[in-house]
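Single-letter residue listing:
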Amino acid sequence: MSRFDDLARYAAEIAPVIDVVHVGVHAASRPLGRELVARWDGDPGLVIDLRYVLPARPLTREGLAAVYRYDPVGEEEIAEQVGRGVLTDDGGALRATDRALAFIAELYGVHAAATAGLWAPHAARVPVLAGLAGRLLAAGERSGGPAFAQVSPPHEPEGTPAGVLLFNRLAALRLHRADAHAAAWSAAGLTARQIVTMPPGPAREAIEADTNRRAAAPYESLTAPERETLLEGLRTLM
């Protein structure tokens, strides 16, 4: 097996682990953030999804479309966000309002509490894992697509706890893989709707294999022991 095949296999193995860790933090955060969400007017889903993006850079239409390629955010919804005082539309650049930024600052506090509690038994591992994830994001700049370009690097104000750094870096890394998946099904001549409804079988397996090859690029920046440290470390956080 070649080094590239080995990296593709690793990309396939770590992807569901990253997903479980990411979803686990969201689940642990819900009870802690209930009061914060209750004070918000409307559904804060977009602001929660893009919490690590909005304070760092404006949203572009292309970037937003890529992040939500399977559940598009249309112009009507964008207009609604602008009307509710969540975003401003500055000549096509969508920026967070002060209201949205204040919500995100409080949300970072919620995620700090959630990750500290959830990962308390493994607290010593978290800074190491956050550091490795940060290196992957830097390496991913060369191979990421439009969704990854929109979300990375994440908003990381001074003093952000390692748990929040890891959580948000993993969120951005998931979108590197999402871009790889989109590139793979696009190369096969499919649309987003077609890949969502595509049944299991050889054609689907070929797209997933191509996805893993494309998603593997950032992992080449880590040594084999570092990749093992990341995978096993994330498994302890599941």
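Since the model is a prediction, treat every value here as computed from it, not as a measurement. Every residue gets a number counted from 1 within its own chain, in the order that chain's sequence is written. Selection of residues for local features in this predicted model requires a pLDDT of at least 70, selection of side-chain atom pairs for listing and counting requires 80 or more, and totals for whole chains, interfaces and linings are taken over all residues. No hydrogens and no water enter the side-chain calculation; it runs on all heavy atoms of the structure.

Enquirer: What is the right way to read the overall build of the protein chain from this model?
Expert: Scanning the protein chain for helices and strands turns up twelve helices and two strands. Each helix is a run of DSSP H or I of at least 4 residues and each strand a run of E of at least 2, with the numbering of both proceeding from the N terminus. Secondary structure elements in the protein chain, listed N-terminal to C-terminal, are α-α-α-α-α-β-β-α-α-α-α-α-α-α. Here the C-alpha radius of gyration of the protein chain, 18 Å, is about what a compact globule of 238 residues would show, namely 18 Å. Counting only C-alpha atoms and orienting by the principal axes, one finds that the protein chain spans roughly 55 × 45 × 30 Å. Across the 238 residues of the protein chain, 46% fall into the buried class. In what follows, a contact means two residues having at least one pair of non-hydrogen atoms within 4.5 Å. At a minimum sequence separation of 6, the contacts of the protein chain that also span at least 24 residues come to 79%. When we talk radius of gyration, it's over C-alpha atoms, and the globule rule is simply 2.2 Å times the number of residues to the 0.38. Any residue under 20% of the maximum accessible area for its type is buried, any over 50% is exposed, and the rest in between are partly exposed; the area is computed with a 1.4 Å probe on protein chains only.

Enquirer: Explanation requested: the packing of aromatic side chains in the structure shown.
Expert: Two measures describe an aromatic ring pair: the distance that separates the ring centres and the angle between the ring planes. To pair, rings of Phe, Tyr and Trp, with the six-membered ring standing in for Trp, must have centres within 6.5 Å; the planes then decide the type, stacked if under 30 degrees apart, edge-to-face if over 60, and tilted in the middle. For the structure on display, the rule yields three aromatic pairs. Ring geometry for Tyr 10 against Tyr 219: centres 5.1 Å apart, planes inclined by 70°, an arrangement best described as edge-to-face. Here Tyr 219 lies in the loop between helix 11 (202–215) and helix 12 (224–236) and Tyr 10 lies in helix 1 (residues 3–32), a separation of 209 residues in the sequence. Like Tyr 10, the residue Tyr 219 is buried in the burial classification. Criterion for a charge above a ring: Arg CZ or Lys NZ at most 6 Å from the ring centre, at most 35 degrees from the ring normal. The cationic tip of Arg 99 hangs over the ring face of Trp 40; the distance from NZ or CZ to the ring centre is 3.9 Å.

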